[in-house]
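Descriptive analysis of the structure
Spelled out, the chains give:
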Amino acid sequence: VPVRPQVVQSFSKGDYERTFALTYSVSKLSCFILYFIGLPLIMELEYVLNLWLGGNIPNHTSVFIVIIFATTMVSMLNSAISNIVHASGKMALYQSVGGIIGISSVPVAYLFLKNGGTPESAMLVAFAVMAIGHTVGLYILKTIVGFSIKQYLFRAIFPICFVILSTCWI
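Here's what I pulled together on the structure shown here. Everything numeric in this text was worked out from a predicted model, so none of it was measured.

Quick look at the nonpolar core
- With 31 residues, the main nonpolar core has Ile84, Leu141, Val145, Phe147 and Tyr152 as its most contacted residues.
- Of all the secondary structure elements, the ones that give two or more residues to this core are α1 (4-12), α2 (16-43), α4 (61-88), α7 (119-145) and α8 (149-167).
- Residues within four places of Phe147 in sequence aside, it is in contact with Phe20, Tyr24, Ile84, Leu138, Leu141, Lys142 and Tyr152.
- Counting residues in hydrophobic clusters, the runner-up holds 5 residues, among them Ala109, Ala122, Val125 and Val129.

Below, the structure written as structure tokens:
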């Protein structure tokens, strides 16, 4: 969702309330769009894979797709909050720490696989690292601009979780 110009404009005017409100909205909107496009696919994943690949579906494919889907949702949340970091111009710490955390998934996944972990465990490591990176990014954002993690949880994360938990059982 192309909201960065509005976030930058609001931030530069000192209108942090609007800046943060835009971030909450884009977090929810981007996740909801992905979720409601992906939900029918995930619900019928075996059928779609059979239709697409015939009987030649590689092992672990379904689980990989679901984990990649969840990882992409967290990535979208990261993208939404990074707009504020870019607007502040204080990107060095956020980008450095985010890069270090992101690259750590490779050696951690390797260790899991080396010690008998399943291919799914390597994918779950990537998801966990993305979630950790998002959490650390929120704390960095809090130190940079006084971003309220509590407000973010109540206005973005909890509504997203509520929708997912209330619809994923269908």
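Observations concerning α7
- Here α7 is 27 residues long and its end C-alpha atoms lie 39 Å apart, about the 39 Å a rise of 1.5 Å per residue gives.
- Every buried residue of α7 is accounted for by Glu120, Ser121, Ala122, Val125, Val129, His134, Gly137, Leu138, Ile140, Leu141, Ile144 and Val145.
- Buried positions along α7 lie against α1, α2, α4, α5 (92-103), α6 (105-114) and α8.
- Immediately downstream of α7, the backbone of Gly146 shows phi near 75°, a positive value.

A look at the layout of surface pockets
- Of the pockets and cavities examined, the largest pocket occupies roughly 450 Å³.
- Taken together, 22 residues line the largest pocket, and the ones lying closest to its centre are Ala70, Met73, Phe127, Ile160 and Ile164.
- Counting residues per element, the ones that place at least two in the lining of the largest pocket are α2, α4, α7 and α8.
- Per-element tally for the lining of the largest pocket: the top contributor is α4, with 6 residues.
- Partitioning the lining of the largest pocket into residue classes produces 20 nonpolar, 2 polar and no charged.
- Looking at the second largest pocket, its volume works out to about 280 Å³.
- In terms of lining, the second largest pocket is formed by 18 residues, of which the most central are Asn78, Gly98, Gly99, Met130 and Gly133.
- Mapped by element, the contributors of at least two residues to the lining of the second largest pocket are α4, α5 and α7.
- Considering every element that reaches the lining of the second largest pocket, the biggest residue donor is α7, with 8 residues.

Observations concerning the environment of Ile57
- Tracing the backbone through its elements, the reader meets Ile57 in the loop between α3 (45-53) and α4.
- Since its relative accessible area comes to 22%, Ile57 is described here as partly exposed.
- Spatially, the C-alpha atom of Ile57 lies 9.1 Å from that of Glu46, the residues being 11 residues apart in sequence.
- Beyond its immediate stretch of four places on either side in the chain, Ile57 contacts Leu49 and Asn50.

Here's the deal with the packing of α4 against α7
- Orientation of α4 relative to α7, taken along the N-to-C sense of each, is 15°, at an axis distance of 9 Å. Between α4 and α7, the angle falls in the class roughly parallel. The hand of the α4/α7 crossing is left-handed.
- Grouping the amino acids of the contact of α4 with α7 by side-chain chemistry returns 21 nonpolar, 7 polar and 1 charged.

Looking at the packing of aromatic side chains
- Enumeration according to the criterion identifies 9 aromatic pairs in this entry.
- Taking the centre distance of 6.2 Å and the plane angle of 20° together, the rings of Tyr16 and Phe20 count as stacked. Taken together, the positions of Tyr16 and Phe20, both in helix α2 and 4 residues apart, correspond to about one turn of that helix.
- Residues Phe147 and Tyr152 carry aromatic rings whose centres are separated by 5.6 Å and whose planes lie at 55° to one another, so their mutual orientation is tilted.

What counts and how
Residues numbered from 1 in each chain as written. Predicted model: local features only at pLDDT ≥ 70, side-chain atom pairs only at ≥ 80, totals over all residues. Heavy atoms only, no water. Core = buried A, V, L, I, M, F, W, Y, C linked by side-chain atoms within 4.5 Å. Buried < 20%, exposed > 50% of the residue type's maximum accessible area, 1.4 Å probe, protein only. Helix = DSSP H or I, 4+ residues; strand = E, 2+ residues; numbered from the N terminus. Contact = heavy atoms within 4.5 Å. Expected span 1.5 Å × (residues − 1). 1 Å grid on protein atoms, 1.4 Å probe; cavity = no way out; pocket = protein on both sides within 12 Å on 5 of 7 lines; lining within 4 Å. Points joined across faces, edges and corners; volume = space filled by probe spheres on them. Nonpolar A, V, L, I, M, F, W, Y, C, P; charged D, E, K, R; others polar. Axes fitted to C-alpha atoms, helices over the stretch in contact; angles between N-to-C directions. Parallel < 35°, antiparallel > 145°, perpendicular 65-115°, else oblique. Left-handed = near helix turned anticlockwise from the far one by under 90°. Phe/Tyr/Trp six-rings, centres within 6.5 Å; stacked < 30°, edge-to-face > 60°.

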